[in-house]
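Residues per chain, in single letters:
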Amino acid sequence: MMCLALITIPLCILKSGGRDVENMRIIRFMVRHVKYFLGLRFEVSGWEHLQTEGPYVIISNHQSSLDVLGLMEILPDRCTMIAKKELVYAGTVGLICWLGGIVFINRKKTSDAKSVMAGAAKTMLDDQIRLWVFPEGTRNQKGDLLPFKKGAFHLAVQAQVPIIPIVFSSYSNFYLRKEKQFKSGTIRLKILPKIETKGMTTDDVSSLSDKSFNVMRSAFLRISDSVTQSNGPLRH
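Residues numbered from 1 in each chain as written. Predicted model: local features only at pLDDT ≥ 70, side-chain atom pairs only at ≥ 80, totals over all residues. Heavy atoms only, no water.

*Asks:* Just checking my understanding: could you explain the overall build of the chain for this structure?
*Replies:* The helix and strand tally for the chain stands at eight helices and nine strands. Expressed as a percentage of its 236 residues, the buried residues of the chain come to 50%. Within the chain, contacts between residues separated by at least 24 positions form 76% of all contacts whose residues are at least 6 apart in sequence. Carbon and sulfur atoms make up 56% of the accessible area of the chain, which amounts to about 12000 Å² in all. (Helix = DSSP H or I, 4+ residues; strand = E, 2+ residues; numbered from the N terminus. Buried < 20%, exposed > 50% of the residue type's maximum accessible area, 1.4 Å probe, protein only. Contact = heavy atoms within 4.5 Å. Areas by Shrake-Rupley, 256 points an atom, 1.4 Å probe, with all protein chains shown as cover.)

*Asks:* How should I be thinking about the nonpolar core in this particular structure?
*Replies:* The nonpolar side chains of soluble globular proteins are, as a tendency, buried together. Judged by nonpolar contacts, the single largest core of 72 residues is most densely connected at V57, W132 and L155. If we ignore the near neighbours within four places in the chain, the residues touching L155 are V57, I82, M117, A120, A121, M124, L131 and V133. (Core = buried A, V, L, I, M, F, W, Y, C linked by side-chain atoms within 4.5 Å.)

*Asks:* Before we go on, may I ask you to explain the pattern of salt bridges in this structure?
*Replies:* Here the idea is simple: oppositely charged side chains can pair when their charged atoms come close. Considering all chains together, one arrives at 10 salt bridges under this definition. Between K194 and E196 there is a salt bridge, and its shortest N-O distance comes to 3.4 Å. Shared partners join several salt bridges into a network, and the residues in it are E22, R25, R28, D77 and R78. (Salt bridge = Lys/Arg side-chain N within 4 Å of Asp/Glu carboxyl O.)

*Asks:* What is the right way to read the sheet that holds strand 4 (residues 103-105) from this model?
*Replies:* Backbone hydrogen bonds hold the strands of a sheet together, and the pairing may be parallel or antiparallel. Taken together, seven strands build an open sheet; the order of strands is 1-9-6-2-5-3-4 and the sheet is mixed. What marks the edges here is a single partner per strand, and that holds for strand 1 (40-45) and strand 4. Here the average twist between neighbouring strands, direction ignored, is 25°. Sheet contacts for helix 4 (residues 67-74): strand 1, strand 3 (79-84), strand 5 (130-133), strand 6 (163-168) and strand 9 (185-191); angle to strand 1, the most-contacted strand, approximately 50°. (Pairing = 2+ DSSP bridges. Axes fitted to C-alpha atoms, helices over the stretch in contact; angles between N-to-C directions.)

*Asks:* Just checking my understanding: could you explain the packing of helix 2 (residues 23-31) against helix 4 for this structure?
*Replies:* Axes are the key here: two packed helices are described by the angle between their axes and the distance separating the axes. With their axes 9 Å apart at the nearest point, helix 2 and helix 4 run at an angle of 120° to one another. Crossing geometry of helix 2 relative to helix 4 is assigned as left-handed. Contacts from M24, I27, R28 and V31 of helix 2 reach helix 4 at V68, L69 and M72. For the contact of helix 2 with helix 4, the per-class residue count stands at six nonpolar, no polar and one charged. (Left-handed = near helix turned anticlockwise from the far one by under 90°. Nonpolar A, V, L, I, M, F, W, Y, C, P; charged D, E, K, R; others polar.)

*Asks:* What should I look at first to understand helix 7 (residues 151-159) in this one?
*Replies:* Three- or four-residue spacings in an α-helix give side chains the same orientation, since the helix completes a turn every 3.6 residues. Within the span of helix 7, buried status applies to A152, F153, L155, A156, V157 and A159. Q160 lies just past helix 7 and shows a positive phi near 55°.

*Asks:* What should I look at first to understand unusual backbone geometry in this one?
*Replies:* A negative phi angle characterises most non-glycine residues, just as the trans form characterises most peptide bonds. Positioned with a positive phi, R78 is a non-glycine residue whose angle comes to about 55°. Turning to its location among the elements, R78 is positioned in the loop between helix 4 and strand 3. Looking at R78, the relative accessible area reads 29%, which means it is partly exposed. Here Q160, not a glycine, exhibits a phi torsion of approximately 55°, which is positive.

*Asks:* When you look at the pairing of strand 6 in this model, what are you seeing that I'm missing?
*Replies:* The side chains of a regular strand alternate between the sheet's two faces. Taken across its six residues, strand 6 has six buried, putting it largely inside the fold. Along strand 6, one buried face is formed by I163, P165 and V167 and the opposite face, lined by I164, I166 and F168, is buried too. In this structure, strand 2 (residues 57-60) lies alongside strand 6, joined through four bridges in parallel fashion. Each residue of the ladder has a partner; that of I59, found in strand 6, is P165. The pairing of strand 6 with strand 9 spans three bridges and is antiparallel. Residue pairing in the sheet places V167 in a bridge with K190 of strand 9.

*Asks:* Where do I start with the side chain of T197 in this structure?
*Replies:* In this structure, T197 sits in the loop between strand 9 and helix 8 (205-226). For T197, the side chain forms a polar contact with the main-chain oxygen of V161, separated by 2.7 Å. Beyond its immediate sequence surroundings of up to four residues, T197 is in contact with A156, V157, Q160, V161, P162, I163 and L208. (Polar contact = N/O pair within 3.5 Å; in protein donor to acceptor, adjacent residues only side chain to side chain.)

Right, dumping it as structure tokens:
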């Protein structure tokens, strides 16, 4: 990972001269190769739902840092993420996130997070970009989804752009964090139909969040039950 970072950083700087969402193309290309070293496979369904023009908000469940691999597997052009502010200080990883145009928010300050969402909505429309958000707000490997925070839905409503839900199947069949067990395995990614927000107001945010949670939870339980248990031992 450190070698990839040392290659990725200068490539991004040479291409754009600094912070630019277009750097995500380079980051995506580099990170997608990590799956081969970990023995992971991705099965993606619902590609047609990403064939949407203009800005939109992607939401997905959040289990571990492995989510980044799935994210890069399907990341659309001109798409970056919203992440906690602390990540910007995470050494080379933080620098790569900054170069990729990631929007950082301070989760400890509600007013700051809201103002960032308002600014992010304006940026989406002005620059015609897409934003990826983890509405659970933290990593969760408990076999279900955590209640969603409202930020992503305020963002979509303020920008009047659609939401595209994406679900990662459970990692528990090959990765047990507490037991420190990891083996090769398959991750299923299901891209769900977009949810429109045109005409919605802040009064609709709660029902929008509930609707998104219900369709994603249903998909999560379904694809997690049917996921392949393991790809067997790693082979090189």
